[in-house]
Amino acid sequence: MEILRRRIERQIMGVTGMALGDIDYEHPSGDPGLFGPQSVCWRVHSDFTSMLCGGISSLMLQMLHPLALAGVWDHSNFRDDMLGRLRRTSQFIAATTFASTADAERLIDRVRRIHEEVVGTAPDGRPYAANDPDLLTWVHVAEVSRFLAAHLRYRNPELSGDDQDRYYAEVARIAEALGARDVPRTRGETDAYLEAMRPQLRFDARTAEVFRLLIGAPAPHPLARPLVALTMRAGVDLLPIWAAEMAHRNMPRWQRHTVRTGVHRLVPIMRWSVRNGASSRARRRVAGATTTAAGSPTEHDRT
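Predicted, not measured: the structure shown is a model, and the values here were computed from it.

Undergrad: Quick rundown of helix α9 (residues 187-197)? Include the residues and the values.
TA: Among the residues of α9, those classed as buried are Thr 190, Tyr 193, Leu 194 and Met 197. Each buried residue of α9 sits inside an arc of 95° when the element is viewed along its axis, so together they form one side. Facing away from the buried side of α9, by more than 90 degrees, are the exposed residues Asp 191 and Ala 196. Structurally, α9 contributes buried residues whose contacts are with α3 (48-62), α7 (133-154), α8 (161-178) and α12 (241-246).

Pasting the structure below:
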């Protein structure tokens, strides 16, 4: 069984930013990182299954903004390397949450430098820049709102309202470090922001192509194909209803039930398999233990 578990874990890690290396989550000993293990974002970001589903959904929602889409379309190789795009996004979230303070700040600085080069003109003639504070706020809110939605659906539907607000307040720190402004810090502010942004969103041929590529993203290994296919559908299901309707992807009730049942059945296997992800390593770092922990991890050490 241990051989099987490790094999599954390797395949799962191949979808994430852990496959890129570059981050040592176990050093320096005792460093809590930007947030520390008592933060709500450690809890929300620790569950691999919900984060994977939420991450897919966040990319779909982000691409409904014409200027966000233009930046990705013009300056990314996502059409040839969708898996690479997902891994890089995964690495940034994991590192800013769980890595040492120095590594988290290094990745934030790296992304800020990359954003300086991402400028251009959208098809409608409007200029865009990835370091535009308002655009950064959109990308952030689309992302973290889907992470929390996925956590509530697949990990902990009982997460208190106060803790949900704490989550938004915590992760606003990352958005502001990248240059975002007027970042929502509560559920109410986030809901109001998304509603206010709806008139600016579009679904056109290029958006449809991004959705097609995401939903058809290749698996890193044949064994991972069912996982990838299911999480892509779960990502669509996690979109706000109005966003799914805009993208012509609204699911009938029976299909939503099928997707959610499939994910819930997959969750125990995923949590059993993944024992040495970013949060597990980070907890060892904070505790001052840098060798692989013996036995099973705690319930929050699953990514």
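Next comes the rest of the account.
Undergrad: Outline the nonpolar core, listing residues and values.
TA: The biggest cluster of nonpolar side chains holds 54 residues, and the ones touching the most others in it are Leu 61, Trp 138 and Val 263. Where this core is concerned, the elements lending two or more residues are α3, α4 (66-75), α7, α9, α10 (205-215), α11 (225-237), α12 and α13 (253-273). Counting residues per element, this core draws most heavily on α3, which supplies 7 residues. Val 263 has contacts with Thr 49, Cys 53, Tyr 154, Leu 230 and Ala 234, leaving out every residue within four places of it along the chain. One finds Ala 94, Ala 99, Ala 104 and Tyr 168 within the second-largest nonpolar core, a separate group that totals 30 residues.

Undergrad: Can you lay out the packing of α7 against α8 for me, pointing to particular residues and giving the numbers?
TA: The N-to-C vectors of α7 and α8 enclose an angle of 150°; their axes lie 10 Å apart at closest approach. Of the possible angle classes, the one that applies to α7 and α8 is roughly antiparallel. Viewed along their axes, α7 and α8 form a crossing whose handedness is right-handed. The residues of α8 that touch α7, namely those facing Leu 136, His 140, Val 144, Ser 145, Phe 147, Leu 148 and Leu 152, are Gln 164, Tyr 167, Tyr 168, Val 171, Ala 172, Ala 175 and Leu 178. For the contact of α7 with α8, a count of residues per class yields 11 nonpolar, 3 polar and no charged.

Undergrad: Provide a residue-level description of the layout of surface pockets, including the pertinent values.
TA: In this structure, the largest pocket occupies an estimated 980 Å³ of space. Contributing to the lining of the largest pocket are 37 residues, with Arg 85, Thr 89, Val 111, His 115 and Val 139 lying nearest its centre. Going through the elements one at a time, α3, α4, α5 (82-98), α6 (101-117), α7 and α8 are the ones with two or more residues in the lining of the largest pocket. Considering each element in turn, the lining of the largest pocket owes the most residues, 8 residues, to α5. Looking at side-chain class alone, the lining of the largest pocket contains 22 nonpolar, 11 polar and 4 charged residues.

Undergrad: Mind laying out the environment of Phe 35, listing which residues take part and the relevant values?
TA: Looking at the secondary structure, you find Phe 35 in the loop between α1 (2-13) and α2 (40-45). Separated by 138 residues in sequence, Phe 35 and Arg 173 place their C-alpha atoms 9.7 Å apart. Once residues lying within four places of it in the same chain are set aside, the contact partners of Phe 35 are Cys 41, Trp 42, Thr 96, Thr 97, Glu 170, Arg 173 and Ile 174.

Undergrad: Quick rundown of the environment of Glu 26? Include the residues and the values.
TA: Summarising the element assignment, Glu 26 is placed in the loop between α1 and α2. For Glu 26, a relative accessible area of 12% translates into the label buried. Each C-alpha atom, one on Glu 26 and one on Phe 98, is 9.7 Å from the other, the two residues being 72 residues apart in sequence. Here Arg 284 takes part through its side chain, which lies 3.1 Å from a polar atom of the side chain of Glu 26.

Undergrad: Before we move on, can you summarise the pattern of salt bridges with the specific residues and values?
TA: Enumeration over the complete set of coordinates arrives at 15 salt bridges. Note that Asp 165 and Arg 187 form a salt bridge whose closest N and O atoms lie 3.1 Å from each other. With Asp 165 in helix α8 and Arg 187 in helix α9, the pair connects residues that are 22 residues apart, well separated along the chain. With relative accessibility at 34%, the residue Arg 187 sits in the partly exposed group. In this structure, the salt-bridge partner of Arg 260 is Asp 237, at a minimum N-O distance of 2.8 Å. Remark: Asp 237 occurs in helix α11 and Arg 260 occurs in helix α13; sequence separation between them is 23 residues. Among the residues examined, Arg 260 registers a relative accessible area of 29% and is labelled partly exposed. Its relative accessible area of 2% is what places Asp 237 among the buried residues.

Thresholds, definitions, all that
- Residues numbered from 1 in each chain as written.
- Predicted model: local features only at pLDDT ≥ 70, side-chain atom pairs only at ≥ 80, totals over all residues.
- Heavy atoms only, no water.
- Buried < 20%, exposed > 50% of the residue type's maximum accessible area, 1.4 Å probe, protein only.
- Helix = DSSP H or I, 4+ residues; strand = E, 2+ residues; numbered from the N terminus.
- Arc of directions from axis to C-beta.
- Contact = heavy atoms within 4.5 Å.
- Core = buried A, V, L, I, M, F, W, Y, C linked by side-chain atoms within 4.5 Å.
- Axes fitted to C-alpha atoms, helices over the stretch in contact; angles between N-to-C directions.
- Parallel < 35°, antiparallel > 145°, perpendicular 65-115°, else oblique.
- Left-handed = near helix turned anticlockwise from the far one by under 90°.
- Nonpolar A, V, L, I, M, F, W, Y, C, P; charged D, E, K, R; others polar.
- 1 Å grid on protein atoms, 1.4 Å probe; cavity = no way out; pocket = protein on both sides within 12 Å on 5 of 7 lines; lining within 4 Å.
- Points joined across faces, edges and corners; volume = space filled by probe spheres on them.
- Polar contact = N/O pair within 3.5 Å; in protein donor to acceptor, adjacent residues only side chain to side chain.
- Salt bridge = Lys/Arg side-chain N within 4 Å of Asp/Glu carboxyl O.

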